[in-house]
Amino acid sequence: MTGSLFLAAFILAAKPPMAVYADDEYEEHDSDHDDDEHDHDHDEDEHDHDHDEDEHEHDRDGSISIDFRRDWIREGGSTGASVDYDVDSDSDYWIDWHSTDSSVATVDGDGSNVDINGHSSGSTEIIATLFIDGEKIASDSFTLNVGRGGRSDHHHHDDDRHHDRGYVYVNGVTLNTNNLIIYSGLSARLYAGTLPSYANDKRVVFASTNPLVASVDADGTVHGLTPGVAMIAASAVEGGYTAYAVVTVVAPTPEMAALTAQISQALSRDPGFLYQTVNRVLTAPLFGTVSIPSSAPMSFDVNVANAMKVRPDVTILVSFPYQGHMYCMAVPAGYNLASQLKGGYADWINLMKAKGVILATLY
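Okay, so let's go over this structure. Model, not experiment: these values are computed from the prediction. All residue numbers refer to positions counted from 1 along the written sequence of the respective chain. The model is predicted, so local features are restricted to residues of pLDDT at least 70 and side-chain atom pairs to those at 80 or more, both for listing and for counting; the totals for chains, interfaces and linings are taken over all residues. Side-chain descriptors were evaluated using all non-hydrogen atoms of the structure, hydrogens and water having been removed beforehand.

## Overview of the environment of Val304
Tracing the backbone shows Val304 in helix α4 (residues 302-310). Distance from Val304 to Ala338, taken between C-alpha atoms, is 8.8 Å for residues 34 residues apart in sequence. Residue contacts follow a heavy-atom distance rule, with two residues in contact if any of their heavy atoms lie within 4.5 Å. Apart from residues lying up to four places away in sequence, Val304 is in contact with Leu274, Thr277, Val278, Ile316 and Leu337. The way it works is that DSSP assigns letters per residue, a run of H or I at least four long becomes a helix, a run of E at least two long becomes a strand, and they are numbered from the N terminus.

## Overview of the packing of helix α2 (residues 254-269) against helix α3 (residues 273-282)
Only the contacting stretch of a helix is used when fitting its axis, a line to C-alpha atoms as for every element, and angles between N-to-C directions run 0 to 180 degrees. Running from N to C, α2 and α3 point in directions that differ by 145°, and their axes come no closer than 10 Å. Crossing angle aside, the handedness with which α2 passes α3 is left-handed. Residues Met256, Leu259, Thr260, Ile263, Ala266 and Leu267 of α2 lie in contact with α3, whose contacting residues are Tyr275, Gln276, Val278, Asn279 and Leu282. When its residues are assigned to classes, the contact of α2 with α3 shows eight nonpolar, three polar and no charged. Each crossing gets its handedness from the near helix: less than a right angle anticlockwise from the far helix is left-handed, clockwise is right-handed. Ten residues, namely Ala, Val, Leu, Ile, Met, Phe, Trp, Tyr, Cys and Pro, are considered nonpolar, four, namely Asp, Glu, Lys and Arg, are considered charged, and the remaining ones, Gly among them, are considered polar.

## As for the sheet that holds strand β17 (residues 242-250)
Pairing is mixed across the open sheet formed by four strands, whose spatial order is β10-β17-β16-β13. Each edge of the sheet is formed by a strand with only one pairing partner; in this case those strands are β10 (179-183) and β13 (204-208). Each adjacent strand pair in this sheet contributes to an overall mean axis angle of 25°, direction not counted. By definition, two strands form a pair when at least two bridges between them are found by DSSP.

## Topic: the packing of α3 against α4
Relative orientation of the contacting elements α3 and α4 amounts to 5°, with a least axis distance of 9 Å. The orientation of α3 relative to α4 falls into the category roughly parallel. Of α4, the residues touching α3 (which contributes Leu274, Tyr275, Thr277, Val278, Val281 and Leu282) are Asn303, Val304, Ala307, Met308 and Val310. Taken together, the residues of the contact of α3 with α4 sort by class into nine nonpolar, two polar and no charged. Each angle gets one of four labels, with under 35 degrees taken as roughly parallel, over 145 as roughly antiparallel, 65 to 115 as roughly perpendicular, and the rest as oblique.

## Observations regarding the sheet that holds strand β6 (residues 113-118)
Read across the open sheet, the four strands follow the order β1-β3-β6-β5; overall the sheet is antiparallel. At either end of the open sheet lies a strand with only one pairing partner, and these are β1 (62-68) and β5 (105-108). For this sheet, the mean angle separating the axes of adjacent strands, direction not counted, is 25°. Across five bridges, the pairing between strand β3 (residues 78-87) and β6 is antiparallel. Within β6, the position partnered with Ala81 by the bridge is Val114.

## Points about the environment of Ser294
Mapped onto the secondary structure, Ser294 falls in the loop between β18 (289-293) and β19 (300-301). Expressed as a C-alpha distance, the spacing of Ser294 and Phe273, which sit 21 residues apart in the sequence, is 9.4 Å. In this structure, Ser294 is in contact with Phe273, Ser319, Phe320 and Pro321, ignoring residues within four places of it in sequence. Under the rule applied, a polar contact is a pair of N or O atoms within 3.5 Å (in protein, one hydrogen donor and one hydrogen acceptor; residues adjacent in sequence only if both atoms are side-chain atoms). A distance of 2.5 Å separates a polar atom in the side chain of Ser294 from the backbone oxygen of Ala296.

## A look at the pairing of β3
Note: β1 against β3, seven bridges, orientation antiparallel. In the strand pairing of β3, Phe68 is matched with Ala81.

Written out as structure tokens, the structure is:
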């Protein structure tokens, strides 16, 4: 009996400490384990978040390139353009189009294909910009020229020069005069140029609206044929820009016709300096100026005086060296050169001092 009680007391005394402390240790261990798992899950969440951000940043990479049909259109005309773009995500993206000068041209539409409408002459940049999630990613642009007239199909191909950003296009044409009066049987020259003057294609072609009255050569030389009025058009090969000159052809006076025939015959026999001067006066455009560079002081003869009489609209400018200086003498239009004739010549020394004649020292 005593042995059994001792064994039971021993078992009861041994169990309680095991039960009390073991449970706390297990709970503490479980709590530590849960905290470790929570920290691990948090680390994974942060990693996933960082990974998503990396992917998002990567998805915003993109590129865009404009493909345009024409880089030149007429006022009131239109053309089209489209873009090739590369976007590496399913994010929201869109393409914004605009013209830097809406008075010249505007863009109609959005997306990858648009229409461009020309309004007035000039140049503008057409810009396409790619946005992803509201952020500007890439852009491309080209220069559109708007003008009057039109290009022929021969000059309208989209060749390599249209994609050369350094190419300078024609934006207009100028003429040295818009009104020209010439005598029938005589000629005068029109000088045309492109705007800007440094445009790559400077070619200009001439045409007459009335070739029976006045014809025109490729270099702009106008020939008066019969009295009347004609329009000479100078058109740029590129862009079709055109400038006009009104040409009035008048009949020469009988005196002028007779002197012209006389000097023509004289020139065939003796192409001397004075005969050439007379011929230039007779063939000058109305109200023109004849410039005569000379290597020595010169006198005028009766033929020059007669030429000034039948062509009172012409001014003569003579430049010559004398005693280490260069002079310019102007015999103005309408001047009575015959009044200075002595022995058939108007001596240059007396002419330099004559009233109405202008003398200037160049250097």
